[in-house]
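Examination of the molecular architecture
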There are 2 protein chains.
Amino acid sequence: MSRGRVLAAAVALADEGGVDALSMRKIAQALGVVPMALYKHVANKNELLDGMIDALVGEIDPPVADADWRTAVRGRVLSARRMLLRHPWAPEVIESRIKARTAPTPAVMEYLDSMIGIFRAGGFSLDLTHHAMHVMGSRLLGFSQELFSDSAGRAPDPDALSPEEMAARYPHITALAMAVAHDRDSVVGSGCDDQFEFEFALDLTLDGLERLLRAP
Amino acid sequence: MSRGRVLAAAVALADEGGVDALSMRKIAQALGVVPMALYKHVANKNELLDGMIDALVGEIDPPVADADWRTAVRGRVLSARRMLLRHPWAPEVIESRIKARTAPTPAVMEYLDSMIGIFRAGGFSLDLTHHAMHVMGSRLLGFSQELFSDSAGRAPDPDALSPEEMAARYPHITALAMAVAHDRDSVVGSGCDDQFEFEFALDLTLDGLERLLRAP
DNA sequence: ACCTGAACACCGTTCAAGT
DNA sequence: ACCTGAACACCGTTCAAGT
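Residues numbered from 1 in each chain as written. Chains lettered and ligands numbered in written order. Predicted model: local features only at pLDDT ≥ 70, side-chain atom pairs only at ≥ 80, totals over all residues. Heavy atoms only, no water.

The name an unreviewed UniProt entry gives chain A is TetR/AcrR family transcriptional regulator, with Streptomyces gottesmaniae as the organism.

This is the structure we're talking about:
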């Protein structure tokens, strides 16, 4: 029994059933331990959540050495995204931690510090680096920030609209969905390549930053 | 008693104490009603949360008529941001709804449909519109997606690092924070203008989209 | 038929009783 | 001193008993 084992068990439980299925009692059960035993290694549930986030941020690859700023930032953000794909419950928890005005955990601070260092080493002024951090926003941690995920894995909705009703009520969404499905030669699923779209948005942002760096 | 009154009471409670302080029992109490009476107007708590989000999206201004696409999108996103500033718990709830793979609610669908319509009317191809929606991501709903809010309103942390320790451990963050504070002629607070940074990031994104529209 | 109180199966955390 | 079971104050929701 150690703090690390508690956090690992908590992360595993969240990976399985989402953060709603996470409870102190279930973590204890998974570890074959009485619930109150957890409080030896963790102050309370909020501190446990902070620890879990810290563990995830530790999974992000360190910056590649001897790379220009753009390659370094891009690689790190894509590594963060791979981490989030392994732990899809993380954005929700991070969001709730921010709203609770919790101080960022050490691993997050270190991550942000090193990211700022990459920009600075790449020639960004302090001011431009500050803007760059805001521009990147939660994309720095790999948030894909989709407003709706594809409907592929969703439970079939009994009172879902018919295609005709969809087209009548949401003509633009329907046209877009059909065009994308046709492009990908697939009628099944949304036909939308999330990885491509993420990199598209990331590169557009990096392009904008590069332009600011060259002509401030 | 009506669905609208239930949703309004729920939104008011969340505005006051955040979404963690929201419970069916407290909503009922605020309405002077027995808890089970809520289930006449709302199927369960998840459906209540969907209803609350729907109500918020309804607060976003409709698109201004006779404006070019960029003005229309910009205005609408800034209106969405003003809505989120009134209801800071909303991003967390929206995030959790997405992760639960809940189908987007009608008001969200209508909002997205009309936003797609703005891009299309502005001359964006179906394909470019699709990319644009992904690029905008949750910024479409006004998410400011800061990784850490300013430390101004945060409770004083008893075991916070001293300025010297901060500078030693997180040199780049410290340098950035000091430069920003100096810029704004203020040592109090983060000295960081969130509204300015939001519009800076938004405009950089819109610049990128405009460039793609002109030279595909 | 409608409404609602009690009850059920949870939850995070306190605390006193045990070792 | 450490550990832990029971208890407390909650929670969302079911359901049977009341009207």
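1. So, the packing of helix α4 (residues 69–86) of chain B against helix α6 (residues 106–121) of chain B
All names here are of chain B. Two elements in contact, α4 and α6, have axes separated by 9 Å at closest approach and are oriented at 155°. Our classification of the angle between α4 and α6 gives roughly antiparallel. Where α4 abuts α6, its residues Trp-69, Ala-72, Val-73, Arg-76, Val-77 and Ala-80 lie against Tyr-111, Ser-114, Met-115, Ile-118 and Phe-119. Looking at the contact of α4 with α6 residue by residue, the classes come out as nine nonpolar, one polar and one charged. (Axes fitted to C-alpha atoms, helices over the stretch in contact; angles between N-to-C directions. Helix = DSSP H or I, 4+ residues; strand = E, 2+ residues; numbered from the N terminus. Parallel < 35°, antiparallel > 145°, perpendicular 65-115°, else oblique. Contact = heavy atoms within 4.5 Å. Nonpolar A, V, L, I, M, F, W, Y, C, P; charged D, E, K, R; others polar.)

2. A few points about the protein's contact with DNA strand C
Near DNA strand C you find 13 residues, and of these Ser-23, Arg-25, Met-36 and Tyr-39 of chain A together with Lys-40 of chain B are the closest. At 3.0 Å, a backbone N or O of Met-24 of chain A approaches a phosphate oxygen of DNA strand C. The side chain of Tyr-39 of chain A places a nitrogen or oxygen atom 2.9 Å from a phosphate oxygen of DNA strand C. Its residues placed into classes, the surface near DNA strand C shows six nonpolar, two polar and five charged. (Near = heavy atom within 4 Å. Polar contact = N/O pair within 3.5 Å; in protein donor to acceptor, adjacent residues only side chain to side chain.)

3. A few points about the packing of helix α3 (residues 45–57) of chain A against helix α6 (residues 106–121) of chain A
Residues and elements named next belong to chain A. Viewed as axis vectors pointing N to C, α3 and α6 meet at an angle of 35°, and their least axial separation amounts to 8 Å. Here α3 contributes Ile-53, Asp-54 and Val-57 to the contact with α6, which in turn contributes Pro-106, Ala-107, Val-108 and Tyr-111. Here the contact of α3 with α6 is composed, by residue class, of six nonpolar, no polar and one charged.

4. Brief notes about the relation of the copies chain B and chain A
Once chain B has been moved 0.0 Å along the axis and rotated by 180°, it coincides with chain A to within an RMSD of 0.0 Å. On the angle and the small slide along the axis, the relation comes out as a two-fold axis. The share of interface residues of chain B whose copies in chain A are also at the interface is 100%, consistent with both copies meeting through the same surface. (Least-squares fit on C-alpha atoms with pLDDT ≥ 70 in both.)

5. Focus: the side chain of Thr-129 of chain A
Locating Thr-129 of chain A in the fold gives a position in helix α7 (residues 126–136). Of the residues examined, Thr-129 of chain A reaches a relative accessible area of 0% and is grouped as buried. Setting aside residues up to four positions removed in sequence, Thr-129 of chain A forms contacts with Ile-116, Phe-119, Arg-120 and Phe-124 of chain A together with Leu-176 of chain B. (Buried < 20%, exposed > 50% of the residue type's maximum accessible area, 1.4 Å probe, protein only.)

6. Points about the environment of Arg-70 of chain A
Residue and element names in this part refer to chain A. Mapped onto the secondary structure, Arg-70 falls in helix α4 (residues 69–86). Judged by relative accessible area, which is 16%, Arg-70 ranks as buried. In the structure, Arg-70 is positioned 49 residues away from Phe-119 in sequence and 8.4 Å away in space, judged by C-alpha atoms. When near neighbours in sequence (up to four residues on either side) are disregarded, Arg-70 contacts Asp-203, Leu-206, Asp-207 and Glu-210.

7. A closer look at the environment of Ala-28 of chain A
Residue and element names in this part refer to chain A. Inspection of the secondary structure assignment puts Ala-28 in helix α2 (residues 24–30). Residue class for Ala-28 comes out buried when judged on its relative accessible area of 0%. The sequence separation of Ala-28 and Val-57 amounts to 29 residues, and the corresponding C-alpha distance is 24 Å. For Ala-28, the contacting residues outside a window of four places in its chain are Val-33, Val-34, Pro-35 and Leu-38.

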